[in-house]
Amino acid sequence: MRDIAIDGQGRALLAPGLRLCDGDLLRDLLPAAPGGEQDAVAVDAQGRIWVGYYGGVAVLAEGRWQEMPLAAGCGRAVRDLACGADGVVWVGTDAGLARYDGQGWRCYGAQSGLVGEMVDRVLVDGQGRVWAGHDKGLSVLGPQGWTHYPLDAIGFVRGLVADAQGHVLAGSLYHGISLFDGQEWRPYSSAESGLPGDRITALANDAAGRLWVGTRYGLAVQDGDHWIIYREANSGLGDERVSALALSAIALTMPPPTSTPRLGRLVGQVRRGRGPAAGARVVLCSELSLSQGFGDNPCEATPNRRETRTGADGAYSFDDLPAGHYAVAAEVAPGQWMMRTRVLDAVRYAVREGETTVAEPIEATE
């Protein structure tokens, strides 16, 4: 899932595919939205549903979809949507930022002062400023024009939210959360503060003013001066890789409690040539690095990692493992790591309470 929004009835709208969830039933939204897969969804102040797809946006009003193709120069791939209180819709695209005012489009790119090109996150704050997270950092459009904050200051922004005090919080894919107080950015929270990790993927505020944070390693909510962490093992969370967040206007009295972690087991085998790889080092974590930039092992920068070695038969076992999704890698030769991959990502195995999950064999040629 790439995006989520809440409609006026408190139902969740999920993109791509534009499905509707009322908490009990998940179904396709009808009438079907145009444009094939919809990568962005938003609800405006009038309760109208906006979707973004390759080539344009559309709005559902009075039971019918009205399409607005992107103007030339505004890009083609829509990556995010934000609806302003004034009715203007801001669209992040693969060529910058686009503005639709109900009459036509205005494009913002390098020629208009926007530094980045691939705009992945858009926020309209309470002051009417437009924030755009992109491939070169973060930019904000205010009354005096654009202000830019480079990657080395803010990181790759994957979450943007404004709080009740008018501060803007930015969640970075690698550097935790930063807060803009109107003058400068300062660190707001990192893994050392109690977050499940620094890889932030989504931010949202609830009606009680609590900050919710989606990460690559679980969902967190700031309750007072501490974080409550939801993982697959201690809650009903379906996957610890949280990609999008949206919160209903109905405030929770208290965040849901966590439970005692549920435990399972994962086993597998490492082979070298035609025989077992005895004594091979095997690591397990929720997310493996597929780059060659890791040091000692591809799990070293992730939380909740484990390590073991294979027996004489090449078999390994991770016992008393919290329920969740895990990837494994084996060091088949000094510094040479092997893992099962599909579509540029490591295969992740679901571990369930009281069950043994069997991983696919890791095989290395001689």
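A brief structural summary. Not measured: the values here are computed from a predicted model. (Residues numbered from 1 in each chain as written. Predicted model: local features only at pLDDT ≥ 70, side-chain atom pairs only at ≥ 80, totals over all residues. Heavy atoms only, no water.)

Overview of the sheet that holds strand β14 (residues 130-134)
Whether parallel or antiparallel, the strands of a sheet pair through hydrogen bonds between backbone atoms.
And step 1. Spatially, the 4 strands line up as an open sheet ordered β13-β14-β15-β16, and their pairing is antiparallel. Unpaired on one side and paired on the other, β13 (119-124) and β16 (145-150) mark the two borders of the sheet. Each adjacent strand pair in this sheet contributes to an overall mean axis angle of 20°, direction not counted. (Pairing = 2+ DSSP bridges. Helix = DSSP H or I, 4+ residues; strand = E, 2+ residues; numbered from the N terminus. Axes fitted to C-alpha atoms, helices over the stretch in contact; angles between N-to-C directions.)

With respect to the environment of Ala95
And step 1. Looking at where Ala95 falls in the secondary structure, it is placed in the loop between β10 (89-93) and β11 (96-100).
And step 2. Along the sequence, Ala95 and Ala110 sit 15 residues apart, while their C-alpha atoms lie 9.0 Å from each other.
And step 3. Other than its neighbours up to four places away in sequence, Ala95 contacts Gly73, Cys74, Gly75, Tyr108, Gly109 and Glu117. (Contact = heavy atoms within 4.5 Å.)

Considerations on unusual backbone geometry
And step 1. Cis geometry is found at the peptide bond from Ala15 to Pro16, where omega equals 5°.
And step 2. Within the secondary structure, Pro16 is located in the loop between β2 (12-15) and β3 (19-21).
And step 3. Residues Leu30 and Pro31 are joined by a peptide bond in cis, for which omega reads 0°.
And step 4. Relative to the assigned elements, Pro31 resides in the loop between β4 (26-28) and β5 (38-43).
And step 5. Unlike most non-glycine residues, Glu62 shows phi in positive territory, near 55°.
And step 6. Within the secondary structure layout, Glu62 lies in the loop between β7 (56-61) and β8 (64-69).
And step 7. By relative accessible area, which is 84% here, Glu62 ends up exposed. (Buried < 20%, exposed > 50% of the residue type's maximum accessible area, 1.4 Å probe, protein only.)

Considering the state of the cysteines
And step 1. Applying the stated criterion to the full structure yields 2 disulfides.
And step 2. The disulfide that involves Cys74 links it to Cys107, with 1.8 Å between the sulfurs. Around the S-S axis, the bridge from Cys74 to Cys107 shows a dihedral of about -85° and counts as left-handed. Of this pair, Cys74 sits in the loop between β8 and β9 (78-83) while Cys107 is found in strand β12 (residues 105-108), placing the two residues 33 residues apart along the sequence. Side by side, Cys74 and Cys107 carry an identical accessibility label, which is buried.
And step 3. Paired through a disulfide, Cys285 and Cys299 show a sulfur-sulfur distance of 2.0 Å. What sets the handedness of the Cys285 and Cys299 disulfide is the S-S torsion sign, and at about -80° it is left-handed. On the criterion of sequence distance, the pair formed by Cys285 in strand β27 (residues 281-285) and Cys299 in the loop between β27 and β28 (306-309) is long-range, its members being 14 residues apart.
And step 4. Taking the relative accessible area as the measure of exposure, Cys285 reaches 0% and is therefore buried.
And step 5. Should the bonded cysteines of the chain be numbered as they appear in the sequence, the pairing reads 1-2, 3-4.
And step 6. With no disulfide partner, Cys83 has as its closest neighbouring cysteine sulfur the one in Cys74, 16 Å distant.
And step 7. Exposure remark for Cys83: the relative accessible area of 24% places this residue in the partly exposed category. (Disulfide = S-S within 2.5 Å.)

Overview of the sheet that holds β7
And step 1. A sheet is described by the order of its strands in space; here 4 strands give the open sequence β5-β6-β7-β8, paired in antiparallel fashion. Only two strands of the sheet have a single neighbouring strand rather than two, namely β5 and β8. Taking each pair of neighbouring strands and ignoring which way they run, the sheet shows an average axis angle of 20°.
And step 2. Here 5 bridges tie β5 to strand β6 (residues 49-53), and the two strands are oriented antiparallel to one another. Bridge pairing in β6 links Ala40 to Gly52.

Details of the pattern of salt bridges
And step 1. A full pass over the atoms with the stated rule returns 23 salt bridges.
And step 2. One salt bridge in this structure joins Arg2 and Asp120, with 2.9 Å as the shortest N-O distance. Linking Arg2 in the segment before β1 (3-6) with Asp120 in strand β13, this pair joins segments that are 118 residues apart in sequence.
And step 3. We classify Asp120 as buried; its relative accessible area is 6%.
And step 4. Here Glu363 makes a salt bridge to Arg271, at a shortest N to O gap of 3.0 Å. (Salt bridge = Lys/Arg side-chain N within 4 Å of Asp/Glu carboxyl O.)

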